[in-house]
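Summary of the model geometry
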Amino acid sequence: LGVTMMIGALVFLGCPLRMILRLAGGDLNALVGLAGFVSGIAIGIIFLKRGFSLGRSYAQHKASGLMLPGFAILLLILLVAFPGKLILGAAHAPALAALVAGLLVGAAAQRTRLCTAGAFRDVILIRDFSLMYGVVAIFLAALIGNLILNPGAVNVSFAGQPAAHTDGLWNFLGLLVVGLSATLLGGCPLRQTILSGEGDNDAVVTFFGMLVGAGLSHNLGMAGSADGVALAGQAGTIVSLLIALAIAMAYTVRAKA
């Protein structure tokens, strides 16, 4: 499910959090993606109501919870010891600034339990708006920031958006896959990353699945581009949707047996 979630996100050209940021910049393609995201969550809720479950959680030794934090610390050490060797070619933020921003945003996301999929799920399922307030706050902060710092960045249109395409069908289906996968997993990509840092090894598996999905998408030409979504990306989206539905049906049957 981590793999399918990332394939869908890269077809859309962004995770649910970036969808919100794109909306704050006036990108109407993200509005189409939002419709797909909510539709995927609604489909996932149908399976949740029918008894879908990936199994109960078990307490593990505390050391096992250090898997992803240890991996992150190792990467940080390698980055400091071998500057310029881990990041090649692509534009990136200064390492120290990225680390500080990541710590601040990660702490805030952990304390607030921020989850884009959980926000819509809770509104639809139990009429609880607690998590939705966080989503709305991010949208408003990004919108106000854009208007103050760079008013020209707010361009309400489908065309001419940065790192986006206007292929509505695949914007919709890409985030539908993300919404469905995230609902079955119990959290969006951001939430899975935060849970991994908390020591949740199910989330760690999902996190590495997202890395695999990103690698497959870029190396097999499934990721979208400004020109749209190639045939490989279209096929990857459909296959990912079928896999997510197959998992949903299999574990719903198991839960009801």
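Look up a bit, the structure's there.
An account of the accompanying structure is given in this report.

Time to look at the state of the cysteines. Summed over the entire model, instances satisfying the criterion amount to zero disulfides. Cys-15 takes part in no disulfide bond, and the closest cysteine sulfur, belonging to Cys-188, lies 7.5 Å away. Look at Cys-15 and you get partly exposed, because its relative accessible area is 29%. Unpaired in terms of disulfides, Cys-188 finds its nearest cysteine sulfur in Cys-115, a separation of 3.8 Å. Looking at Cys-188, the relative accessible area reads 2%, which means it is buried.

Estimates place the volume of the largest pocket at around 1300 Å³. Around the largest pocket, the lining comprises 32 residues; the ones closest to its centre are Ala-72, Ala-98, Leu-99, Gly-102 and Leu-103. Counting residues per element, the lining of the largest pocket draws most heavily on helix H5 (residues 95-112), which supplies eleven residues. If you add up the space inside the second largest pocket, you get close to 730 Å³. Taken together, 29 residues form the lining of the second largest pocket, with Leu-54, Asp-200, Asn-201, Asp-202 and Ala-203 sitting closest to its centre.

Moving on, we get to the environment of His-92. With respect to the helices and strands, His-92 occurs in the loop between helix H4 (67-81) and H5. Of the residues examined, His-92 reaches a relative accessible area of 51% and is grouped as exposed.

The full count for this structure, using the stated rule, is four aromatic pairs. Seen from their ring centres, Phe-37 and Phe-120 are 5.9 Å apart, and the 90° between their planes marks the pair as edge-to-face. One end of the pair, Phe-37, is in helix H3 (residues 28-49); the other, Phe-120, is in helix H6 (residues 116-126), with 83 residues separating them in the sequence. The two residues Phe-37 and Phe-120 agree in class, both being buried. Summarising the aromatic geometry, the rings of Phe-52 and Tyr-251 are spaced 6.4 Å apart at their centres and angled 70° between planes, so their arrangement reads as edge-to-face.

We now examine helix H9 (residues 189-198). Note on helix geometry: an α-helix contains 3.6 residues per turn, so any two residues three or four positions apart are oriented the same way. Where H9 is concerned, the buried positions are Pro-189, Arg-191, Gln-192, Ile-194, Leu-195 and Ser-196. Positioned one or two residues after H9, Gly-199 has a phi angle of 105°, which is positive.

Rules behind the numbers
Residues numbered from 1 in each chain as written. Predicted model: local features only at pLDDT ≥ 70, side-chain atom pairs only at ≥ 80, totals over all residues. Heavy atoms only, no water. Disulfide = S-S within 2.5 Å. Buried < 20%, exposed > 50% of the residue type's maximum accessible area, 1.4 Å probe, protein only. 1 Å grid on protein atoms, 1.4 Å probe; cavity = no way out; pocket = protein on both sides within 12 Å on 5 of 7 lines; lining within 4 Å. Points joined across faces, edges and corners; volume = space filled by probe spheres on them. Helix = DSSP H or I, 4+ residues; strand = E, 2+ residues; numbered from the N terminus. Phe/Tyr/Trp six-rings, centres within 6.5 Å; stacked < 30°, edge-to-face > 60°.

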